[in-house]
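Chain by chain, the residues:
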Amino acid sequence: MSKFDELDGFSELHGFWLDDMTVGQKAVTSRTITEAAVEIFGGISGVINPTHFSDDFASKERFGKRIVHGMLTMSHITGTLASKLPGPGCLYMGQTVKFIAPVNIGDTVTTVITITDINPKGNVTLKTDQFVGDKQCVDGEATLWVPARPKK
């Protein structure tokens, strides 16, 4: 049993209910990508491309230096969706993503989530953008299922 199972009902943990959401609603988070995050992500995912780990190798590649895993950056989108908007209780249905610019170790990535459509059956579409400073590095769209508030 987890500490969450001990709570009286699950409403205290739940994020936004479908009927609490509006088109245009936003959530914003920022995280700095550390060397440790890159190493841990590579170990967990099995992505050990030297573009992410070797200064010598990366210096001869397209961007001239090491870059962060695109999916590590993307994981901050999923974290924002799961923790802030819509938050706990939602189910991830799909994601499209375009990596526009590289992210480097030490960069602070700002994730901006914006609701663009709400379907009465629970499907919510959200714009999922990421920036380093004012430069966009990720352009995406997610679809999540969000439950309606339970009837009493």
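Report follows, based on the coordinates.

## Some remarks on helix α1 (residues 35-45)
Because an α-helix completes one turn every 3.6 residues, residues spaced three or four positions apart along the sequence face the same direction.
Part 1: Taken residue by residue, α1 has V38, F41 and G42 as its buried positions. Buried residues of α1, seen end-on, are gathered within an arc of 100° and therefore sit on one face of the element. α1 presents I40, G43 and I44 as exposed residues on the side facing more than 90 degrees away from its buried surface.
Part 2: Where α1 is buried, its residues touch α2 (50-53) and α4 (70-83).

## Let's talk about the pairing of strand β4 (residues 123-132)
Part 1: The sheet contact formed by strand β3 (residues 108-118) and β4 spans nine bridges and is antiparallel. Following the sheet pairing, V112 is matched in β4 by D129.
Part 2: As consecutive antiparallel partners, β3 and β4 are separated by four residues, and within that stretch G122 has a phi angle of approximately 115°, a positive value.
Part 3: Counting the residues that bridge the hairpin from β4 to strand β5 (residues 135-145) gives two residues, and of these G133 lies at a positive phi of roughly 65°.

## Focus on the side chain of D129
Part 1: Within the secondary structure layout, D129 lies in strand β4.
Part 2: For D129, a relative accessible area of 13% translates into the label buried.
Part 3: Within the structure, D129 has its side chain in polar contact with the side chain of K127 (distance 3.0 Å).
Part 4: A polar contact is formed between the side chain of D129 and the side chain of Q136, at a distance of 3.1 Å.
Part 5: Not counting residues within four places of it along the chain, the set of residues in contact with D129 comprises T110, T111, V112, Q136, V138, D139 and G140.

## Some points on the nonpolar core
Part 1: Counting residues in hydrophobic clusters, the biggest one holds 25 residues, and the most contacted among them are I33, L81, L85, I113, V124 and L126.
Part 2: Elements supplying a minimum of two residues to this core: α1, α4, β3, β4 and β5.
Part 3: If near-sequence neighbours (up to four positions away) are discounted, I33 is found in contact with V38, V68, L72, H76, V103, N104, I105, G106, D107 and V109.

## Considering a nonpolar patch on the surface
Part 1: On the surface, M71, V97 and F99 cluster together to form a nonpolar patch covering roughly 270 Å² of accessible area.
Part 2: With respect to the secondary-structure elements, V97 resides in strand β2 (residues 91-99).
Part 3: A relative accessible area of 35% places V97 in the partly exposed class.

## A word on α4
Part 1: Across its 14 residues, α4 extends 20 Å between first and last C-alpha, which sits within 8% of the 20 Å expected from 1.5 Å per residue.
Part 2: If you check which residues of α4 are buried, you get L72, T73, M74, H76, I77, T80 and L81.
Part 3: Looking at the buried side of α4, the elements it contacts are β1 (26-32), α1, β2, β3, β4 and β5.

The rules behind each value
- Residues numbered from 1 in each chain as written.
- Predicted model: local features only at pLDDT ≥ 70, side-chain atom pairs only at ≥ 80, totals over all residues.
- Heavy atoms only, no water.
- Buried < 20%, exposed > 50% of the residue type's maximum accessible area, 1.4 Å probe, protein only.
- Helix = DSSP H or I, 4+ residues; strand = E, 2+ residues; numbered from the N terminus.
- Arc of directions from axis to C-beta.
- Contact = heavy atoms within 4.5 Å.
- Pairing = 2+ DSSP bridges.
- Polar contact = N/O pair within 3.5 Å; in protein donor to acceptor, adjacent residues only side chain to side chain.
- Core = buried A, V, L, I, M, F, W, Y, C linked by side-chain atoms within 4.5 Å.
- Patch = residues over 30% accessible without salt bridge, like charges linked within 9 Å, V, L, I, M, F, W, Y side chains within 5 Å.
- Areas by Shrake-Rupley, 256 points an atom, 1.4 Å probe, with all protein chains shown as cover.
- Salt bridge = Lys/Arg side-chain N within 4 Å of Asp/Glu carboxyl O.
- Expected span 1.5 Å × (residues − 1).

As far as function goes, none of this settles anything; it's purely spatial.
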